[in-house]
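Structural characterization, general
Take a look at the letters that make up each chain.
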Protein chains: 2
Amino acid sequence: MSASIIAIDAMGGDFGPHSIVPACISCLAEFPSLHLVLVGQSSLIESLVAGYPSVDRSRLRVVHAAEVIAMDERPAQALRNKADSSMRVGLELLRDGAVQACVSSGNTGALMALSRHVLKTLPGIDRPAMVTAIPTRTGFCHLLDLGANVDCGAEHLQQFAVMGAVAAEVLGKPQARVALLNVGTEDIKGNQQVKLAANLLQQTKGLNYIGFIEGDGLYRGEADVVVCDGFVGNILLKSSEGLASMISERVEQVFTSSLLAKAIGILAMPLLKRLQVELAPAEHNGASFLGLQGIVVKSHGSAGPEGFKSAIRRALREIEEDLPKRLYGHLGDQLL
Amino acid sequence: MSASIIAIDAMGGDFGPHSIVPACISCLAEFPSLHLVLVGQSSLIESLVAGYPSVDRSRLRVVHAAEVIAMDERPAQALRNKADSSMRVGLELLRDGAVQACVSSGNTGALMALSRHVLKTLPGIDRPAMVTAIPTRTGFCHLLDLGANVDCGAEHLQQFAVMGAVAAEVLGKPQARVALLNVGTEDIKGNQQVKLAANLLQQTKGLNYIGFIEGDGLYRGEADVVVCDGFVGNILLKSSEGLASMISERVEQVFTSSLLAKAIGILAMPLLKRLQVELAPAEHNGASFLGLQGIVVKSHGSAGPEGFKSAIRRALREIEEDLPKRLYGHLGDQLL
């Protein structure tokens, strides 16, 4: 495997470099051909890196950026006022060819706005989309858009479908079954937007479009790629995270409800713990921005080191498969 | 308590009268002042009722209806072609004042179309909405609309908000905190529809509007009433059902993965079973149609007798509180 170089926004997320530096060190050990460029407040980053004296510094570089974009900062403000933010400097390294991908767990809206501004979209793409893999009964489903685009037309849903199918292929799912999220599976169901999009998808050559899917069908694993506008996708993802987290909490409560239940819980909880990990998809897999001239992976803001490592692994996979180039090829064939 | 009379569409749902008759018998025993009118194929219903010789037949009447609306029948077809369906006859009994509410576990789209046609909406209401109670970390949240209206304007969301608040009050939650479902909680977030609706809700007098809520905030219990259009609500509800059901399945798998796990499962599963019941809200609570000139409660199509009983209890509560009259009063004060 040839060397891969990834820029890391080391200041993003709820825990910043304290969580990101250990994840990076661990990834360097896991992938001998990986090089990382950590972008952010260099003195802080260097002091954390110094805690790992055995790290191969020929594969870990620190680039200073004086500013940090806050998790609740308005994207427009981040775009206008912070020319030297860790996020922006990381994206500029990508634009200039110094790295092959950029990974950030920072402010999602700002990352999308800066990515569009710094990298630009691929020809034929109006709006980049955000995609992640959600666990289903039979494996995973790639859901997009997750919130980048809240007022979509049918032609945007078509672009998302094509991009989602290519991303699924890159992640090991050729001829992915693509479905449109709707309130029923019959042709007459749905709002204007999905009815128009269904027409477009039926006509998109080379796309394995299987029709409408409902919210429960998604979790039954009836499709590999599920397409919706960013408003619906964001609400589906966040409500699923909220429900999974509520169920985890309730399960723990069940096993503290009496002395006997506690005793059973000591045996049962270790078995249930790994389920909790599987059930928080966005925390544990990265999400990709598709449709940009470059590879940008978003890690969840509250991700710990394991979650951040998943995002780096996702970026590595996209570099190996040259995802933007493959997207560009398909967009030309299928949309233009 | 004075007598309450409810019409039951005995032919609806996945199991029809085989599930509905036992539920009805059990409700008659639970509520001494309840009277039921079972509508459907009388010979079949009578033969099932005959299995309960101790039932008080002065409180259980059977009304014959020759036709049944299939679960996958198009609403327009059900409306045009089936004048003698159990669903329609039940609604006509309600319209004519022979009963005070109608409960059905039949085809949702057909029930909505027939309810509008037979009962008509309250003055000021363009579109009835469907609401159910969803379990949250702190109790319940009343979510509407659940799929009756897939292309809503901001003024419809305002009507839903007012109706949802009244329904929550009737079910024991005065001064309910009302929120609009969105992809973020800041003012700038969201699509055009929710931004316009937020403006309207801020100006609605007497409404305890608390702003935007995200999908995870709903499950954290941050609001008592959550308002969205039927497209989004249906997808949130069905994906939540699908996820909860997937998690149940996975939990059971965890406890069959080895001999030791099976042994632990024998102890743990009984504790977890009641969680499964809590986590399938629509199967276990009824959903109400709000905004009609009459009380219509929808039970889940796959509900067993316990689920159907919950729907009857919900109808009883709405009769006691005279929900349509209270809605009418609030609509006049808050919307006109």
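To start, this report covers the structure provided alongside it. Numbering of residues starts from 1 in every chain and runs along the sequence as written. Written order decides the labels, with chains lettered from A and ligands numbered from 1. Given that the model is predicted, a residue must reach a pLDDT of at least 70 before its local features are reported, and side-chain atom pairs must reach 80 or more before they are shown or counted; all residues, however, enter totals for whole chains, interfaces and linings. The side-chain numbers reported here are obtained from all heavy atoms of the structure, hydrogens and water having been left aside.

Let's shift gears to the pairing of strand 10 (residues 287-290) of chain B. All names here are of chain B. Side-chain alternation along strand 10 places A287 and F289 on one buried face and S288 and L290 on a second face that is also buried. A pair of strands counts as paired when DSSP detects no fewer than two bridges linking them. Starting at the N terminus, helices and strands are each numbered in turn, a helix being any DSSP run of H or I of at least four residues and a strand any DSSP run of E of at least two. Two strands pair when backbone bridges link them, and strand 5 (residues 129-136) and strand 10 are joined in this way by three bridges, in the antiparallel orientation. Bridging across to strand 10, A129 finds its partner in L290. Taken together, the three bridges between strand 10 and strand 11 (residues 295-298) define a ladder with antiparallel strand orientation. Burial classes follow relative accessibility: with a 1.4 Å probe on protein chains only, a residue under 20% of its type's maximum area counts as buried, one over 50% as exposed, and anything between as partly exposed.

Packed helices, taken two at a time, are described by the angle their axes make and the gap between the axes. Interaxial angle, 0 to 180 degrees, is taken between N-to-C directions of lines fitted to C-alpha atoms, where a helix line uses only the stretch in contact. Closest axis-to-axis distance for the helix 10 (residues 259-278) of chain A/helix 9 (residues 230-254) of chain B pair is 10 Å, and the angle between their directions is 145 degrees. In the crossing of helix 10 of chain A with helix 9 of chain B, the sense of the turn from one axis to the other is right-handed. Across the interface between the two elements, A:L271, A:L272, A:R274, A:L275 and A:E278 of helix 10 of chain A pack against B:R250, B:V251 and B:V254 of helix 9 of chain B. Considering only residue class, the contact of helix 10 of chain A with helix 9 of chain B consists of five nonpolar, no polar and three charged. Crossing chirality is assigned from the near helix's rotation relative to the far helix, an anticlockwise turn below a right angle marking it left-handed and a clockwise turn marking it right-handed. In what follows, a contact means two residues having at least one pair of non-hydrogen atoms within 4.5 Å. In this classification, the charged set is Asp, Glu, Lys and Arg, the nonpolar set is Ala, Val, Leu, Ile, Met, Phe, Trp, Tyr, Cys and Pro, and all remaining amino acids, among them Gly, are polar.

A word on the relation of the copies chain A and chain B. The transformation that overlays chain A on chain B combines an axial shift of 0.0 Å with a rotation of 180 degrees, and the residual RMSD is 0.0 Å. What the rotation and shift describe, once combined, is the action of a two-fold rotation axis. Interface residue correspondence from chain A to chain B reaches 100%, placing this contact among same-surface, isologous pairings. To line up the copies, we fit them by least squares on C-alpha atoms, keeping just the residues with pLDDT of at least 70 in both.

Another aspect to go through is the pairing of strand 7 (residues 178-181) of chain A. Residue and element names in this part refer to chain A. Residues V178 and L180 point to one face of strand 7 and A179 and L181 to the other, with burial holding for every one of them. Two elements, strand 7 and strand 8 (residues 209-213), share four bridges in a ladder whose sense is parallel. Within strand 8, the position partnered with V178 by the bridge is Y209. Direction of pairing for strand 7 relative to strand 9 (residues 225-227): parallel, over a ladder of three bridges.

We now examine the interface of chain A and chain B. Taken together, the contact between chain A and chain B spans 48 residues of the former and 48 residues of the latter. Between chain A and chain B the total buried area reaches about 4,800 Å² when both faces are included, carbon and sulfur atoms providing 71% of it. Of all residues in chain A, the largest losses of buried area upon contact with chain B belong to A:R137, A:F231 and A:R250, amounting jointly to 13% of the total for that side. We define a salt bridge as a side-chain nitrogen of Lys or Arg found within 4 Å of a carboxyl oxygen belonging to Asp or Glu. Here chain A and chain B share four salt bridges between them. Distance and chemistry together define a polar contact, namely a pair of N or O atoms within 3.5 Å, with one atom able to donate a hydrogen and the other to accept it when in protein, and with adjacent residues in sequence counting only for side-chain atoms on both sides. Linking chain A to chain B there are 14 residue pairs in polar contact (both at pLDDT 80 or more). Those elements that provide at least two residues to the side of chain A that touches chain B are helix 7 (192-202), helix 8 (215-219), helix 9 (230-254) and helix 10 of chain A. A 1.4 Å probe defines the accessible area here, and the buried area is the portion of it lost by two parts on being joined, summed over both.

All names here are of chain B. One can find L48 in helix 2 (residues 42-49). Residue L48 is classed as partly exposed on the basis of its relative accessible area, which comes to 22%. A C-alpha to C-alpha distance of 7.8 Å links L48 and P17, two positions 31 residues apart in sequence. Not counting the four nearest positions on each side in its chain, L48 is found in contact with P17, H18 and V21.

Residues and elements named next belong to chain A. Here 11 strands make up an open sheet; going across it, the order is 3-2-1-4-11-10-5-6-9-7-8 and the pairing mixed. What marks the edges here is a single partner per strand, and that holds for strand 3 (60-64) and strand 8. Along the sheet, successive strands turn relative to each other by an average axial angle of 25 degrees, direction set aside. Note: strand 6 (residues 140-144) against strand 9, three bridges, orientation parallel. Bridged to H142 within strand 9 is V225. Contacts between helix 12 (residues 305-320) and the sheet are confined to strand 1 (4-9), strand 2 (34-40), strand 4 (101-104), strand 5 (129-135), strand 10 (287-290) and strand 11 (295-298), with strand 1 contributing the most and set at about 140 degrees to the helix.

Purely geometric stuff here, so don't read any function into it on its own.
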